[in-house]
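Chains, contacts and geometry: an overview
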Amino acid sequence: MAIQCVFCKIIEGTIPAHRIYEDLDVIAFLDINQTTPGHALVIPKTHYDHFLNTPKILMNQVMNVAQRIGQAQMQMLHAKGVNILSNALQPAGQSVMHFHVHVIPRFGPHDQLKIEMLHNSQKANMDLPMLVNQLKSGMHEK
Ligand code: AMP
Ligand code: ZN
């Protein structure tokens, strides 16, 4: 556990949280900032800083729980869709450095949350085959 980590403190129970799910390796609880009602976070109990350095088996367990919470948001909260999101590192918007997956129920165009992917006007200048080659050679084993 990381001593200053707010999510580790939730795991050990020194900070309260509205817990939705818990097993040996994973817990899920409501995000303190409910962007939409039911916004949940799923985290491994072992501290890893972010998505990119979390062991795959643990990540699979986290994603399994994220999927089940998304299904519950559809079934029980009558969500019309779900955003699954993990910000990795500060430039990507990560503020708590303990790997987590956001599971955000969506209720339609007026649900107060906007996640927008803008078209990149620079695309014409990009060397797409080179990008593919770089990414292929940077991928590690399964
Ligand atoms: P991120 O910005 O992707 O790192 O997300 C971190 C999330 O953790 C934010 O959405 C915060 O609202 C949430 N958060 C921070 N502290 C707490 C807390 N004590 N309990 C529940 N959620 C929290
Ligand atoms: Zn932690």
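Our subject is the structure that appears above.
Summary of the structure given here. (Residues numbered from 1 in each chain as written. Chains lettered and ligands numbered in written order. Predicted model: local features only at pLDDT ≥ 70, side-chain atom pairs only at ≥ 80, totals over all residues.)

Some points on unusual backbone geometry
This is how it is decided: Secondary structure elements are defined from DSSP: runs of H or I of at least 4 residues count as helices, runs of E of at least 2 residues count as strands, and each element is numbered from the N terminus. Three exposure classes are used, based on other C-beta atoms lying within 10 Å of a residue's own C-beta, which is placed from the backbone: buried for 20 or more, exposed for 12 or fewer, and partly exposed in between.
Positive phi, normally seen in glycine, also occurs at His-78, with a value near 60 degrees. Within the secondary structure, His-78 sits in the loop between α2 (56–76) and β4 (81–85). Residue His-78 is classed as exposed on the basis of its C-beta count, with 10 C-beta atoms lying within 10 Å. At Gln-112, a residue that is not glycine, the phi angle is positive and equals roughly 80 degrees. Tracing the backbone shows Gln-112 in the loop between β5 (101–106) and α3 (128–138). The class for Gln-112 is exposed, based on 9 C-beta atoms found within 10 Å.

Quick word on the nonpolar core
Test applied: In plain words, the nonpolar core is the set of buried Ala, Val, Leu, Ile, Met, Phe, Trp, Tyr and Cys residues that C-beta atoms within 7 Å link up. We call two residues in contact whenever the C-beta atoms placed from their backbones are within 7 Å.
By size, the foremost hydrophobic cluster in this structure holds 19 residues, and its most contacted members are Ala-28, Ala-40, Val-42, Ile-43, Ala-66, Ile-69 and Val-103. Residue assignment for this core shows that the elements contributing at least two residues are α1 (6–12), β2 (26–30), β3 (40–44), α2 and β5. With residues up to four places along the chain from it excluded, the contact list for Ala-28 reads Ile-20, Tyr-21, Ala-40, Leu-41, Val-42, Val-65 and Ile-69.

Regarding the site of ligand 1
Our working rule: As a rule, any residue with its backbone-derived C-beta atom within 6 Å of a molecule or strand is reported as near that molecule or strand. Note that Gly is not counted as nonpolar here; it falls among the polar residues with everything else outside the nonpolar set of Ala, Val, Leu, Ile, Met, Phe, Trp, Tyr, Cys and Pro and the charged set of Asp, Glu, Lys and Arg.
By nearness alone, every residue bordering ligand 1 is listed as Val-6, Ile-15, Ala-17, Asp-31, Ile-32, Asn-33, Leu-41, Asn-87, Gly-93, Gln-94, Ser-95 and Val-96. Partitioning the shell around ligand 1 into residue classes produces six nonpolar, five polar and one charged.

Things to note about the sheet that holds β5
Two orientations exist for strands paired in a sheet by backbone hydrogen bonds: parallel and antiparallel. In plain terms, the rule: In this analysis, strands are considered paired if DSSP registers two or more bridges between them. Here the axes come from fitting lines to C-alpha atoms, over the contacting stretch only for helices, and the angles between their N-to-C directions go from 0 to 180 degrees.
The antiparallel open sheet is built from five strands, whose spatial order is β1-β2-β3-β5-β4. At either margin of the open sheet sits one strand with a lone partner, and together these are β1 (19–22) and β4. With direction set aside, neighbouring strand axes in the sheet form an average angle of 15 degrees. Both β4 and β5 contribute to a ladder of five bridges, which runs antiparallel.

A closer look at the pairing of β2
As paired elements, β1 and β2 share three bridges and run antiparallel to each other. Within the sheet, the bridge partner assigned to Glu-22 lies in β2 and is Ile-27. Linking β1 back to β2 in an antiparallel pair, the connection comprises three residues. Judged from the five bridges that link them, β2 and β3 form a sheet pairing that is antiparallel. Note that in β3 the partner of Ala-28 across the bridge is Val-42.

The values are spatial; any link to function lies outside them.
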